[in-house]
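Remarks on the overall topology
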Amino acid sequence: MDLSTLNPKQQEAVTTTEGPLLIFAGAGSGKTRVLVHRMAYLIQERGVKPWQIFAVTFTNKAAGEMKERVGQLLGQRADSLWISTFHSAGVKILRAHIERLKMSPNFVIFDDSEQQTLIKNCLQELDLNPKIFNPRSMGSKIDGAKNELITPEEFPTDDFMGERVAKVYALYQKKLEENNALDFGDLLMKTVKLFEENPDVLKLYTDRFHYLMVDEYQDTNHAQYRLVKLLASDRGNLCVVGDDDQSIYRWRGADVRNILDFHQDFPAAQVIKLEQNYRSTQNILNAAGEIVKGIEGRAQKTLWTENPEGEVLTLCLANTDRHEADFVVGEIQKALEAGTPLNQMAIFYRTNAQSRVLEDSLRRQNIPYVIYGGVRFYDRMEIKDILAYLWVLHNPQDGLHLKRILNVPARGIGKTSVEKLEHLAISQGISLFQALSYADQAGIATKTAKKLLNFVMLLENLKTRLSSQSLSDFVQALMEAIGYLEALKLENTIESESRLENLEELIRVVEEYESQAVEPSLADFLEQVALVNAVDNLDDRQNSLPMMTLHLAKGLEFDRVFMVGMEEGLLPHSRSLDTPEELDEERRLTYVGMTRARKKLYLSHSERRRLYGGERYQLASRFLDEVPEHLVEKKRVPELAPLDFEASFSHQNSRDYALPDREQATPYQIGVRVNHPSFGIGVIRKSEGALEKRKLIVEFPRVGYKKLIAQLSNLTIVN
DNA sequence: AGCAACCGTGTTTTT
DNA sequence: CACGGTTGCT
């Protein structure tokens, strides 16, 4: 097999097949190439059967790409490789053996919002005020426990909060079981449990998988780590790949120590570092390196490249977020005209909410864009409604989804009826679905009871149709049969119009699924839908500009990258300033974003920004100060500071900038930020008069506009 | 039973 | 600002 296209380190990584191996793969060091070649090498040169290899990736998209690339090297043989995410693998394994855990294999998967609903139910049942016991933080505590493989019984109850969380966790878990449902955390935790309690089941897998590979190992959590250890326990041919500098999922339970302590875990481990970068210019690499170099406990490595030095970075300061967006869009327009296709550029931001200004600006310039993440397709109400029907057909025990669709579209089944039904179900120890048929015995009006029976018949009827036609035809028929489309058409608003379009899109998604699935089935489809991430759906539409959060940017690359909102409070985020560990993660996030750029990197920030409803003054991100001066070119937009005082008051998104300030040089220029001993930091709005008598009007976020005499007010210039 | 209007509140990142 | 939850009205 031809390995000559690989560098010596990469070759070593490919041919070191036996025993534990840790590959430190810096950004852009050809990691995927190495993994792909490694699999091909095992099969071609070492006589390993494709089905004896199990590779774990971070996203389904990465899994698909990897499979495809191995296919290019090996052809058909690659089909029986097992490449998937931890979560998908968990589902696959659990579907096959979950009866060992006394659950049935047609379990449903509850996503985030269903988890929230369930937790709210628990809080109500336990008589806990959701204003004090925030369901969101409850959810993240439960997730956290699951990632650490902590059961409700083991959950620490030494403080007041812990005790309550343990109670909610226990009830929540019980409810999941009643619904025959698993949440994301369960997909991992239950798999570990299955293996630990059933060595014979584990053996099926350790016998089968002779070679294990785990990508993005720096972002594995404890449950995933346990899973890896179990699967590698027999042969120990475990190859993990990762980069501690790109660990950005700590908040989700990821533990960098998994990668940093690998050699302690597996004392026989060999370590290979891939340090040559093939992606970015030297300038980009040097700048990015500065951000993470001081992180404590970081594995020592030096990324280098033979690529040219390239352009310097552009660091842009804008008056407002709107100016910033206009600047970015202007640069994109220029690059587009110079021949860079839109899909070779990207805008990254820290929070989803930041996309809005950019969208406005892009729309004004007629530049097509795609947002990854944000309000996800599958989170839309109409999509969730239809999927809820499908889940219920798949598993009638699923009371949560059933409750959602009971009166959707409206069929006169109200809140009180639902409550009565729930009581009936609980008192009789039956599922909500079963309770529907006994409605007349629960003190429910005969009229309503009849409606419920009709509903049951509707579902049963649908179920019989399920096997007789293609899935996409079935979904179409379902939407008609339940009167959903009709109800939307009747509404006849812009809103309902777009919902109808989304449902058409859903049909296309199902068709797409059917065309690519080996064995299309309702269960398999629902599973895929539950586990996709936003980037998985990244269609490489040639002519639209990708926009995404920094987290979603991991693993991608673009010629020109724009990182916006490089401001204190945003990046680093204000919620990540409590501990040094959190701040370090913000550094790595910045690093990940920067190293996505191949040729040119823009970092921008604004002075003023609409945030959380109000307008705020923003300070430049501390990370910007860490980029060496000689690597950047600084820009200021708009280039000319407004002269007219009135104009600076009526800055209602006005794009008419006033004439340049032609007065003599002074440090007290309009737009300059100053610190006042009692008013704090403010921005100069007006500045006039001779040197020692120069009068300023300064806008302070806390106290508003103040007239000051420059010399007397003990001002210092900030930045 | 269902809708509309109100209030208050809490704002990261996502498999 | 945008959402969820509640209230009050029809």
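Conventions adopted
Residues numbered from 1 in each chain as written. Chains lettered and ligands numbered in written order. Predicted model: local features only at pLDDT ≥ 70, side-chain atom pairs only at ≥ 80, totals over all residues. Heavy atoms only, no water. Helix = DSSP H or I, 4+ residues; strand = E, 2+ residues; numbered from the N terminus. Rg over C-alpha atoms; globule rule 2.2 N^0.38 Å. Buried < 20%, exposed > 50% of the residue type's maximum accessible area, 1.4 Å probe, protein only. Contact = heavy atoms within 4.5 Å. Areas by Shrake-Rupley, 256 points an atom, 1.4 Å probe, with all protein chains shown as cover. Lys, Arg positive; Asp, Glu negative; His and termini not counted. Charge placed at Lys NZ, Arg CZ, Asp CG, Glu CD. Pairing = 2+ DSSP bridges. Axes fitted to C-alpha atoms, helices over the stretch in contact; angles between N-to-C directions. Salt bridge = Lys/Arg side-chain N within 4 Å of Asp/Glu carboxyl O. Core = buried A, V, L, I, M, F, W, Y, C linked by side-chain atoms within 4.5 Å. 1 Å grid on protein atoms, 1.4 Å probe; cavity = no way out; pocket = protein on both sides within 12 Å on 5 of 7 lines; lining within 4 Å. Points joined across faces, edges and corners; volume = space filled by probe spheres on them. Near = heavy atom within 4 Å. Polar contact = N/O pair within 3.5 Å; in protein donor to acceptor, adjacent residues only side chain to side chain. Parallel < 35°, antiparallel > 145°, perpendicular 65-115°, else oblique. Left-handed = near helix turned anticlockwise from the far one by under 90°. Nonpolar A, V, L, I, M, F, W, Y, C, P; charged D, E, K, R; others polar.

**Quick look at the overall build of chain A**
Within chain A one finds 28 helices and 23 strands. Relative to the globule expectation of 27 Å for 719 residues, the C-alpha radius of gyration of chain A, 29 Å, shows essentially globular dimensions. Each principal axis of the C-alpha distribution contributes one length, and for chain A these read about 90 × 70 × 55 Å. Within chain A, the fraction of its 719 residues that count as buried is 54%. Taking all contacts inside chain A whose residues are at least 6 apart in sequence as the whole, residues at least 24 apart take part in 74%. In the form shown here, chain A has an accessible surface area of approximately 33000 Å², with 50% of it arising from carbon and sulfur atoms. A gap of 3 Å separates the mean positions of the 89 positive and 102 negative side-chain charges of chain A.

**Things to note about the sheet that holds strand β7 (residues 238-242)**
On the basis of which strands lie adjacent, the open sheet formed by six strands has the order β3-β2-β6-β7-β1-β8 and parallel pairing. Two strands bound the open sheet, and with one partner strand each, they are β3 (82-85) and β8 (270-274). Adjacent strand axes in the sheet meet at a mean angle of 15° when their direction is disregarded. For strand β2 (residues 53-57) and strand β6 (residues 211-214), the ladder comprises four bridges, and the chain directions are parallel. For V56, the partnering residue across the bridge sits in β6 and is V214. Contacting β1 (21-25) and β8, helix α1 (residues 8-15) crosses the sheet at an angle of about 145° to β8. The sheet strands contacting helix α10 (residues 222-232) are β2, β6 and β7, and the helix crosses β6 at an angle near 165°.

**Considerations on the pattern of salt bridges**
Applying the stated rule across the entire model yields 46 salt bridges. For K301, the salt bridge goes to D244, with nearest N and O atoms at 2.8 Å. With K301 in the loop between α13 (282-292) and β10 (304-305) and D244 in the loop between β7 and α11 (257-260), the pair connects residues that are 57 residues apart, well separated along the chain. As far as the burial class goes, K301 and D244 line up, both buried. R364 is the partner of D326 in a salt bridge, and the nearest nitrogen-oxygen pair spans 3.3 Å. Of this pair, D326 sits in helix α14 (residues 321-337) while R364 is found in helix α15 (residues 355-364), placing the two residues 38 residues apart along the sequence.

**Section: the nonpolar core**
Of all hydrophobic cores here, the largest spans 121 residues; its most connected members are F195 and L402. Residue contributions to this core peak at nine residues, all from helix α16 (residues 381-394). Every residue in contact with F195, bar those within four places of it in the chain, is listed here: I93, V201, L202, Y205, L227, L230 and L231.

**Some points on empty space enclosed by the protein**
Using the criterion set out here, one finds three cavities of 30 Å³ or more in the structure. What the largest cavity holds in volume is close to 50 Å³. Among the secondary structure elements, those contributing two or more residues to the lining of the largest cavity are α14 and α15. Here the lining of the largest cavity gets three residues from one element, more than from any other, and that element is α14.

**Topic: the protein's contact with DNA strand C**
Neighbouring DNA strand C are the residues K120, R356 and G613. Interatomic distance of 3.4 Å between a side-chain N/O atom of K120 and a phosphate oxygen of DNA strand C. Measuring from a phosphate oxygen of DNA strand C, one finds a side-chain N or O atom of R356 at 2.7 Å.

**Concerning the environment of R100**
Along the chain, R100 falls in the loop between α4 (86-97) and β4 (108-110). When the C-alpha positions of R100 and M39 are compared, they lie 32 Å apart, and in sequence the two are 61 residues distant. Not counting chain neighbours up to four residues away, the residues in contact with R100 comprise L194, N198, D200 and V201. Polar contacts involving the side chain of R100 include one to the side chain of N198, which spans 3.1 Å.

**Some words on the side chain of D219**
Mapped onto the secondary structure, D219 falls in the loop between β6 and α10. Polar contacts involving the side chain of D219 include one to the side chain of K554, which spans 2.3 Å.

**Brief notes about the packing of α4 against helix α8 (residues 184-197)**
In contact at an axis separation of 9 Å, α4 and α8 are set at 55° when each is read in the N-to-C sense. It follows from the interaxial angle that α4 and α8 lie oblique. In this structure, α4 crosses over α8, and the sense of that crossing is left-handed. Residues F86, H87, G90, V91, I93, L94 and H97 of α4 lie in contact with α8, whose contacting residues are F184, D186, L187, L188, K190, T191, L194 and F195.

**Looking at the side chain of S417**
Tracing the backbone shows S417 in helix α18 (residues 415-428). The residues touching S417, leaving out its near neighbours within four places in the chain, are I444 and T448.

**A closer look at the packing of helix α2 (residues 31-46) against helix α3 (residues 60-74)**
Contact geometry for α2 and α3: axes closest at 9 Å, N-to-C directions at 45°. Classified by the angle between their axes, α2 and α3 sit oblique to one another. Viewed along their axes, α2 and α3 form a crossing whose handedness is right-handed. Of α3, the residues touching α2 (which contributes T32, R33, L35, V36, H37, M39, A40, I43 and Q44) are M66, R69, V70, L73 and L74. Looking at the contact of α2 with α3 residue by residue, the classes come out as nine nonpolar, three polar and two charged.

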